[in-house]
Amino acid sequence: MNALPASAAALMIFLCAIWGAGQIAVKLGLEGISPVVQVGLRSAIAVPLVLLWCRWRGVAVIRRDGTLWPGLLAGALFAAEFWTLYEALSRTTAARSTVLLFTSPFWTVLGAHFLVPGDTLNARKLAGLGLAFAGLVVAFADRLGEPFDASVTGDALALVAGICWGLTTVAIKASGLARIAPERTLLYQLVTALALLPLGFALGERGVFAPTPVVLASLLFQGAVLAFASYAAWFWLVARHKASSLAPFLFLTPVFAALFAALVLGETLTAPLIAAVALIGAGIYVVNRA
C-alpha cells in the first residue's frame, strides 16, 4: 500500500506551512545578513539544539555503523542546496526561486526509481505529480511572465537548489541513513552546512551588517524552527515512508509561501492560487491512493 497514514499526511502539511513561512524569513534575514554566512549561522543555532534533543532522547550521536560517507554526501548536498537557494533569493524574486526549488520532487521520484528498491515510478504517481506541478505553475502564472533580465543567475541557482534537495532525499533513502535515528541524519546535514560560516567570510561576505530585531528574529526562526524542529520531523518521515509518497506534498509549500506573503507583506490572493490548491490536492490524492 502506497497511501500515507493520516497522521503522516497531516504532519507533512504542517511542515509545508513552516517551510512556506521560511521563504519569507530568509528574505527578511537577507536584509541584514549575507547569504552564505546566514546559512552557516542558522546551522550554528540548530546544531546545539539537535545535540540536546539527542541527549534527552538517549540517541547516540557517534556510532560505527557505516553511515559516515553517505552522511557526508547527504550533508554536502544539503549544504549546496541552501548555499544556492540563499544566493538565489538574494538575486531573484521569491516566486521564481520557489517555483524552481520545488522541482525537487521530480528529482526525488526519478532518483528513487533507479536507486531505491521498491520505490519505482508508475503511471499513477506520474499523473499525480503532473497534477501537482500544474497547480504550482497556475499559482505563479502571473509571475512567470516577468522578464528574465539580470535575475537569470538567481533562477539557475534556485534550480540547482531544487536538484540538490531531491538528490539529498534519494541519498538518504538509498543508503543506511534511512535506518539510523533521524536526529543523526540531521546532524550530518547541519554540521556539514556549518562549514559555510567560515567559507562565507573567506569569500568576502559582509556577514551580519544590519542586526535589526526583524533580521535576528528571522535568523532565530530559521535555526530553531526550520533547521531543527521541522527537519527533524522531515527526516523522521523520510526514514519511514516512500519518497514518492511524500514528494507531492512539497508542492504545498509555495502555496503557503504565497498565503503568508499576502498576510505579512500585503500581497493580493489571486484566483490562480485558489485553483492551484485544488490541483495540488488532487495530485496528492492520486499519488497516495492505495
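Okay, so let's go over this structure.

Structural notes on the overall build of the protein
And then number 1: Along the backbone of the protein there are 14 helices and 0 strands.
And then number 2: If you list the helices and strands of the protein from N to C, you get α-α-α-α-α-α-α-α-α-α-α-α-α-α.
And then number 3: Its C-alpha atoms give the protein a radius of gyration of 18 Å, near enough to 19 Å, the size a compact globule of 290 residues would have.
And then number 4: With the C-alpha coordinates aligned to their principal axes, the bounding extent of the protein is approximately 50 × 45 × 30 Å.

Focus: the packing of helix H2 (residues 35-57) against helix H11 (residues 213-240)
And then number 1: Close contact between H2 and H11 brings their axes to 8 Å; oriented N to C, the two are set at 50°. In terms of their interaxial angle, H2 and H11 are classed as oblique. Seen along the crossing, H2 lies across H11 with a hand that is right-handed. Of H11, the residues touching H2 (which contributes Gln 38, Leu 41, Arg 42, Ile 45, Ala 46, Leu 49, Val 50 and Trp 53) are Leu 219, Leu 220, Gln 222, Gly 223, Ala 224, Leu 226, Ala 227, Phe 228 and Tyr 231.

Points about the pattern of salt bridges
And then number 1: Using the criterion set out here, one finds 3 salt bridges in the structure.
And then number 2: Measuring nitrogen to oxygen at the nearest pair gives 2.6 Å for the salt bridge that ties Arg 184 to Asp 65. With Arg 184 in helix H9 (residues 182-194) and Asp 65 in the loop between H2 and helix H3 (68-89), the pair connects residues that are 119 residues apart, well separated along the chain.
And then number 3: Take Asp 65: its relative accessible area is 34%, and that puts it in the partly exposed class.
And then number 4: For Arg 91, the salt bridge goes to Glu 87, with nearest N and O atoms at 2.5 Å.
And then number 5: When its relative accessible area of 42% is taken as the criterion, Arg 91 is described as partly exposed.

Basis of the calculations
Residues numbered from 1 in each chain as written. Predicted model: local features only at pLDDT ≥ 70, side-chain atom pairs only at ≥ 80, totals over all residues. Heavy atoms only, no water. Helix = DSSP H or I, 4+ residues; strand = E, 2+ residues; numbered from the N terminus. Rg over C-alpha atoms; globule rule 2.2 N^0.38 Å. Axes fitted to C-alpha atoms, helices over the stretch in contact; angles between N-to-C directions. Parallel < 35°, antiparallel > 145°, perpendicular 65-115°, else oblique. Left-handed = near helix turned anticlockwise from the far one by under 90°. Contact = heavy atoms within 4.5 Å. Salt bridge = Lys/Arg side-chain N within 4 Å of Asp/Glu carboxyl O. Buried < 20%, exposed > 50% of the residue type's maximum accessible area, 1.4 Å probe, protein only.

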